[in-house]
Structure formats: C-alpha cells, structure tokens
Amino acid sequence: MLRLLLLCGALGCGAEQAAPLTFTMVHYTRVFEGNSLFWGNASLDGRLSHVLEGHNVTQVLPLEPPDAWAQRQKDVTTYLSNFSNLVKLFNKERPMDYTQRLCCHLGCRLFPNGTSHSFYEVTLNGTAFLSFHVPNATWQRRWPGQHQVATFAKTELMKYPITTQHLQHFLNTTCVSILQAQSAGTGKLSVRSRAPLVLGLILGTLCLLGMAVGIFWCTGGSC
C-alpha cells in the first residue's frame, strides 16, 4: 500500500488537473410554419464574446475594431437572411405544420500539455443528429437507427468544401490558434486570428442550410 501511495504521489494521482482553455459556439434555430428564429452565443475561455439574437450578432468582448466588426455583422446577417428565405421557399412547396429545433455546438479545447480537441455536434429536436469528424473532414450520422433526413443532410453537407475543408480548418487551426494566443498571455489576438471569430457562426449557418434542405425534402417524401 505504501508503494502504491508513493507511486501515486510521483504520478500526481489525485492532483487537481488544470482546466483546458475553451472556445465554444452554440447556435439554436427554430423553424415553424415557414418562419425561422435564431439565437446563440460564443464564449472565449468562459467569457461571453458574442451574442446572436434574431439576425443580429453583437460583439461583447472588443476582439475586432469597429470597421472590421461591421463587416462581420453584415456577413452573418446575409447568411441568416438566406437561410430564412430558403425555409420560406421550401415551406411554400411543402407546408410543414410542426416545429423543428436544430442546435449546433462547436468549438475547441486546448489542454495544458499542448494537445487540442475540436468538435461540431448537431441535435435535431433534442436528439443527436449529426457530428463533424474534424481529422478527416467528414460528417457522420448520430441519429439512432436509420434516418432518411440525417442521411440526406449528411450527403448534402459533404458536397461543398465550405462545409468540409473550410470547417475543418476553422476548427482545427483557427479555433486552436485563438486559444494559443490566450494561453500565451498576450491578452490580444493577431488580426489573422481574431478576424475569423465570427466565421464559425457563418459556417454554422451554411451547415444549417444543408440540413434544412434535407429536412424539407425528406418530409416531403422526395428522399
């Protein structure tokens, strides 16, 4: 027993582990009767950095200068408007009188030993729907059993580089570099690092477009 205790002491058994740095985004979308509602937020190492309400995204932490941030806001508004218009278009073709709730949870973690972990998870109506496997840039079905909507949405998302390679680069490189800058204790991010902060929201919206196509086409019996 004494040897075991000594070994544990040498290995740090029971010692408190340093928490990883995190950058996460949560994006909720509610679709009903041709209408879309959006809300969500982003957090940088536990501090609220961005808030999404409707078609408006605000910067809580001053991570970008006003002129650059104005362009980011415009980009997000454009993509969200495109999504809303697509939902309205599909609803005219195939009216859907029930509510769909999509949640996208994405981000990365940087551990004290320098390793990192990135993720992108999607739920549909509270059930695991899809996930993005970052190392090989592929979408994977998470819905229990066979599900034609998940299969169709996965196929749609795999067609476009912006929802595969671009998303992989954001999660595996950009996201981690943001945390590395924080870990360095500079308190500031480089222009290249901070500019893509909102890119995650834009990429998340584009991924939602593919899922919306799957949901509407499949509920209409066209899969």
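Residues numbered from 1 in each chain as written. Predicted model: local features only at pLDDT ≥ 70, side-chain atom pairs only at ≥ 80, totals over all residues. Heavy atoms only, no water.

Taken in spatial order, the eight strands line up as 4-3-2-1-5-6-7-8 in an open sheet, and their pairing is antiparallel. Each end of this open sheet is capped by a strand with a single partner; those strands are strand 4 (56–59) and strand 8 (138–141). On average, adjacent strands in this sheet sit at an angle of 15° to one another, irrespective of strand direction. Alignment of strand 1 (residues 21–32) against strand 5 (residues 100–110), held across eleven bridges, turns out to be antiparallel. Bridging from a neighbouring strand, M25 pairs with L106 of strand 5. Along the sheet face, helix 2 (residues 66–93) touches strand 1, strand 2 (35–44), strand 3 (47–53) and strand 4 and points at about 145° away from the line of strand 2. Here helix 4 (residues 165–183) sits on the sheet and contacts strand 1, strand 2, strand 3, strand 5, strand 6 (116–124), strand 7 (127–133) and strand 8; the angle it forms with strand 5, its principal contact strand, is near 50°. (Pairing = 2+ DSSP bridges. Helix = DSSP H or I, 4+ residues; strand = E, 2+ residues; numbered from the N terminus. Axes fitted to C-alpha atoms, helices over the stretch in contact; angles between N-to-C directions. Contact = heavy atoms within 4.5 Å.)

Below, the discussion takes up helix 2. Taking 1.5 Å per residue, 28 residues should reach 40 Å; helix 2 reaches 41 Å between its end C-alpha atoms and fits that length. If you check which residues of helix 2 are buried, you get W69, V76, L80, F83, S84, L86, V87, F90 and N91. (Expected span 1.5 Å × (residues − 1). Buried < 20%, exposed > 50% of the residue type's maximum accessible area, 1.4 Å probe, protein only.)

Both trends apply: most residues other than glycine have a negative phi, and most peptide bonds are in trans. Here the phi dihedral of E33 falls at roughly 50°; this positive angle occurs in a residue that is not glycine. Along the polypeptide, E33 turns up in the loop between strand 1 and strand 2. With relative accessibility at 55%, the residue E33 sits in the exposed group.

Our focus in this paragraph is the state of the cysteines. Working definition: the covalent bond between the sulfur atoms of two cysteines is a disulfide. The final tally for this structure, using the stated rule, is one disulfide. With a sulfur-sulfur separation of 2.1 Å, C108 is cross-linked through a disulfide to C175. Sign of the S-S torsion, about -90° for the bond between C108 and C175, identifies this disulfide as left-handed. Residue C108 is found in strand 5, and its partner C175 is found in helix 4; the two are separated by 67 residues along the sequence. For the pair formed by C108 and C175, the shared burial category is buried. Of all cysteine sulfurs in the structure, the one in C104 sits closest to C103, which takes part in no disulfide; the separation is 6.7 Å. Look at C103 and you get buried, because its relative accessible area is 15%. (Disulfide = S-S within 2.5 Å.)

A separate point is the confidence of the model for the protein chain. Predicted confidence across the protein chain gives a mean pLDDT of 75, with 74% of residues reaching 70 or more. Every residue in residues 1–16 scores below 50 in pLDDT, and together they form one contact with partners more than four places removed in sequence or on other chains. Low pLDDT (under 50) marks residues 186–197, which in the prediction has 23 contacts with non-local residues, meaning those over four places away or in another chain. (pLDDT = per-residue confidence, 0-100.)

Taken together, the side chains of Y28, L37 and W39 present a nonpolar region at the surface, about 270 Å² in accessible area. Relative to the elements of secondary structure, L37 occurs in strand 2. (Patch = residues over 30% accessible without salt bridge, like charges linked within 9 Å, V, L, I, M, F, W, Y side chains within 5 Å. Areas by Shrake-Rupley, 256 points an atom, 1.4 Å probe, with all protein chains shown as cover. Salt bridge = Lys/Arg side-chain N within 4 Å of Asp/Glu carboxyl O.)

Moving on to the nonpolar core. It is characteristic of soluble globular proteins that their nonpolar side chains tend to be buried jointly. Ranked by internal contacts, the top residues of the largest apolar core, which has 32 residues, are F23 and Y120. Among the secondary structure elements, those contributing two or more residues to this core are strand 1, strand 2, strand 5, strand 6, strand 7, helix 3 (148–157) and helix 4. With seven residues, the single largest contributor to this core is helix 4. Within the second largest apolar cluster, ten residues are counted, among which are F38, L52, W69 and V87. (Core = buried A, V, L, I, M, F, W, Y, C linked by side-chain atoms within 4.5 Å.)

Next up on the list: the environment of N85. Checked against the element boundaries, N85 lands in helix 2. C-alpha separation for the pair N85 and N35, spaced 50 residues apart in sequence, amounts to 8.9 Å.

Under the defined criterion, the tally for this structure stands at four aromatic pairs. When the ring of Y28 is compared with that of W39, the centres are 5.5 Å apart and the planes differ by 15°; the resulting orientation is stacked. You can see Y28 sitting in strand 1 and its partner W39 sitting in strand 2, a full eleven residues away along the chain. Look at W39 and you get partly exposed, because its relative accessible area is 38%. Judged by centre distance (5.3 Å) and plane angle (75°), the rings of Y120 and W139 are edge-to-face. (Phe/Tyr/Trp six-rings, centres within 6.5 Å; stacked < 30°, edge-to-face > 60°.)

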